[in-house]
Amino acid sequence: GGTLTKGKVFYGASPDNSGVSYYKVTAPGNGYLTVSFPERLTDYSSFNIKLMNSKKNSLFTNFEYLSSSKAYKTTIGVAKGTYYIAVKNSDNAYGIKVSFTSVKESSGSSKSKAKSISKGSTKKGIITAAQSATSGDWYKFKITKTQYVKFTFKVKANGGGSSGGLKAAFYQSGKTYPAT
């Protein structure tokens, strides 16, 4: 392992293909990490990664599998802090690279702090790997008559192991349970 520096390829090796290597990475703010393996010995390589917190506790339920079908890369939402990327691989030698993209959030942290969103506008939020499944980003909108409402979500994260994904729920004003 070693410390990954933004935009530089770090070379790693796994002579017996059975161990886990840990790479330290620091996120300077809220945003997302893009982890890639731009250099491999073979075109049939595969990598399994997990994001760990600063105490090396896993933030993923399982390893995320990266292969040519995912272009050997993944994107993970993070808050400012220090993390470790655990890597298991099928290649004896490889290059690993990380980049960080800052995201200025325009969401509320709770229902009472929801940010207004209007027709045709875009809002940004970040769901981090360390966030609990019950927390999220909150937005509000108002409709004055029965009408068709369409929301489009663009997600950067690839999955975060098998536990990743995005869930959206809609609440009517004054209600404590999502609308069906």
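The structure this text deals with has already been given above.
Below: a short report on this structure. (Residues numbered from 1 in each chain as written. Predicted model: local features only at pLDDT ≥ 70, side-chain atom pairs only at ≥ 80, totals over all residues. Heavy atoms only, no water.)

Examining the overall build of the protein chain
Okay, so step 1: Each helix and strand counted, the protein chain has zero helices and eleven strands in total.
Okay, so step 2: Reading the protein chain from its N terminus to its C terminus gives the helix and strand order β-β-β-β-β-β-β-β-β-β-β.
Okay, so step 3: Overall, the C-alpha framework of the protein chain stretches about 65 × 30 × 25 Å when taken along its three principal axes.
Okay, so step 4: The 180 residues of the protein chain split such that 31% are buried.
Okay, so step 5: Counting contacts in the protein chain only where the partners sit at least 6 residues apart, residues at least 24 apart contribute 71% of the total.
Okay, so step 6: Of the roughly 11,700 Å² of accessible surface on the protein chain, 50% is carried by carbon and sulfur atoms.
Okay, so step 7: Across the protein chain, the centroid of the 27 positively charged side chains sits 18 Å from that of the 7 negatively charged ones. (Helix = DSSP H or I, 4+ residues; strand = E, 2+ residues; numbered from the N terminus. Buried < 20%, exposed > 50% of the residue type's maximum accessible area, 1.4 Å probe, protein only. Contact = heavy atoms within 4.5 Å. Areas by Shrake-Rupley, 256 points an atom, 1.4 Å probe, with all protein chains shown as cover. Lys, Arg positive; Asp, Glu negative; His and termini not counted. Charge placed at Lys NZ, Arg CZ, Asp CG, Glu CD.)

Description of the pattern of salt bridges
Okay, so step 1: In the structure shown here, the tally under the stated rule is one salt bridge.
Okay, so step 2: E64 serves as the salt-bridge partner of K70, at 2.9 Å between the closest nitrogen and oxygen. (Salt bridge = Lys/Arg side-chain N within 4 Å of Asp/Glu carboxyl O.)

A few points about the packing of aromatic side chains
Okay, so step 1: Per the stated rule, a full pass over the model turns up ten aromatic pairs.
Okay, so step 2: Ring geometry for F47 and Y94: centres 5.6 Å apart, planes at 70°, overall edge-to-face. Taken as a pair, F47 in strand β5 (residues 47-52) and Y94 in strand β9 (residues 93-102) lie far apart in primary sequence, 47 residues in all.
Okay, so step 3: Look at Y94 and you get buried, because its relative accessible area is 3%.
Okay, so step 4: Pairing F151 with F170 gives two aromatic rings, centres 5.3 Å apart and planes at 50°, and the pair type is tilted. (Phe/Tyr/Trp six-rings, centres within 6.5 Å; stacked < 30°, edge-to-face > 60°.)

Looking at the nonpolar core
Okay, so step 1: Formed by 22 residues in total, the largest nonpolar core has its most connected members in F37 and V87.
Okay, so step 2: In terms of residues, this core owes the most to one element, β9, which gives four residues.
Okay, so step 3: Ignoring anything within four residues of it in the chain, the contact list for V87 reads G19, V20, S21, Y23, F37, F47, N48, I49, Y94 and I96. (Core = buried A, V, L, I, M, F, W, Y, C linked by side-chain atoms within 4.5 Å.)

With respect to the sheet that holds β9
Okay, so step 1: The antiparallel open sheet is built from four strands, whose spatial order is β2-β9-β4-β7. With partners counted over all chains shown, the strands left at the sheet margins are β2 (9-13) and β7 (73-78), one partner each. Here the average twist between neighbouring strands, direction ignored, is 25°.
Okay, so step 2: Note: strand β4 (residues 31-40) against β7, six bridges, orientation antiparallel. (Pairing = 2+ DSSP bridges. Axes fitted to C-alpha atoms, helices over the stretch in contact; angles between N-to-C directions.)

Thoughts on the environment of N62
Okay, so step 1: Residue placement: N62 occurs in the loop between β5 and β6 (64-66).
Okay, so step 2: On the accessibility criterion, N62 (38% relative accessible area) is partly exposed.
Okay, so step 3: For the pair formed by N62 and T122, sequence separation is 60 residues and the distance between their alpha carbons is 32 Å.

Observations regarding the sheet that holds strand β3 (residues 21-27)
Okay, so step 1: Spatial strand order, β1-β3-β8-β5-β6: five strands in an open sheet with mixed pairing. Of all strands in the sheet, those bounded by a partner on one side alone are β1 (2-3) and β6.
Okay, so step 2: As paired strands, β3 and strand β8 (residues 81-89) are joined by seven bridges and run antiparallel to one another. Paired with Y22 across the bridge in β8 is A86.

Remember, this is a structural readout, not a statement about activity or role.
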